[in-house]
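If you want the building blocks of each chain, they are given just below.
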Amino acid sequence: MTEFDPEKFEDKYANYFPELQKAYKNAFERMNDTYDSELVHAIDQQILNESEPFYEDGEFSVELPENPTDRLSAIIVDDKKLDAVLSEYIDEIERELRRVFDLDD
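Residues numbered from 1 in each chain as written. Predicted model: local features only at pLDDT ≥ 70, side-chain atom pairs only at ≥ 80, totals over all residues. Heavy atoms only, no water.

Novice: What am I meant to see in unusual backbone geometry here?
Specialist: Trans peptide bonds make up the majority, and among non-glycine residues the majority have a negative phi. Phi angles above zero are rare outside glycine, and Asn67 is one such case at about 50°. Take Asn67: it is sitting in the loop between strand 2 (59-63) and helix 4 (79-100). Judged by its relative accessible area of 44%, Asn67 is partly exposed. The phi dihedral of Asp102 falls on the positive side, at around 55°, and the residue is not glycine. You can see Asp102 is positioned in the segment after helix 4. (Helix = DSSP H or I, 4+ residues; strand = E, 2+ residues; numbered from the N terminus. Buried < 20%, exposed > 50% of the residue type's maximum accessible area, 1.4 Å probe, protein only.)

What follows is the structure, given as structure tokens:
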């Protein structure tokens, strides 16, 4: 495991790109096993492709692009279902970031 340094995370793509890729890939695979694969793929490609992970006050968070649900055009889905799956996907990415950087509680 890579030793995590919060200060290095400010330049995360230079310092932790492989770990970020791994966390996002693991989250995608877990979500794809649990939810409709078309919906998960659409969220991944049209919403999360411009998301930004952050580390602050001991916690990871994922910031979404502006109007994230409006970006989804590859699939028709009920807003309530989209919000629920997107929320779970973000939670999964945050869990994977903690796991990849060995910061699980």
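Novice: How should I be thinking about helix 3 (residues 37-46) in this particular structure?
Specialist: One turn of an α-helix holds 3.6 residues; hence residues three or four places apart share an orientation. Within the span of helix 3, buried status applies to Leu39, Val40, Ala42, Ile43 and Asp44. Of the surrounding secondary structure, the elements contacted by the buried residues of helix 3 are helix 2 (17-34) and helix 4. (Contact = heavy atoms within 4.5 Å.)

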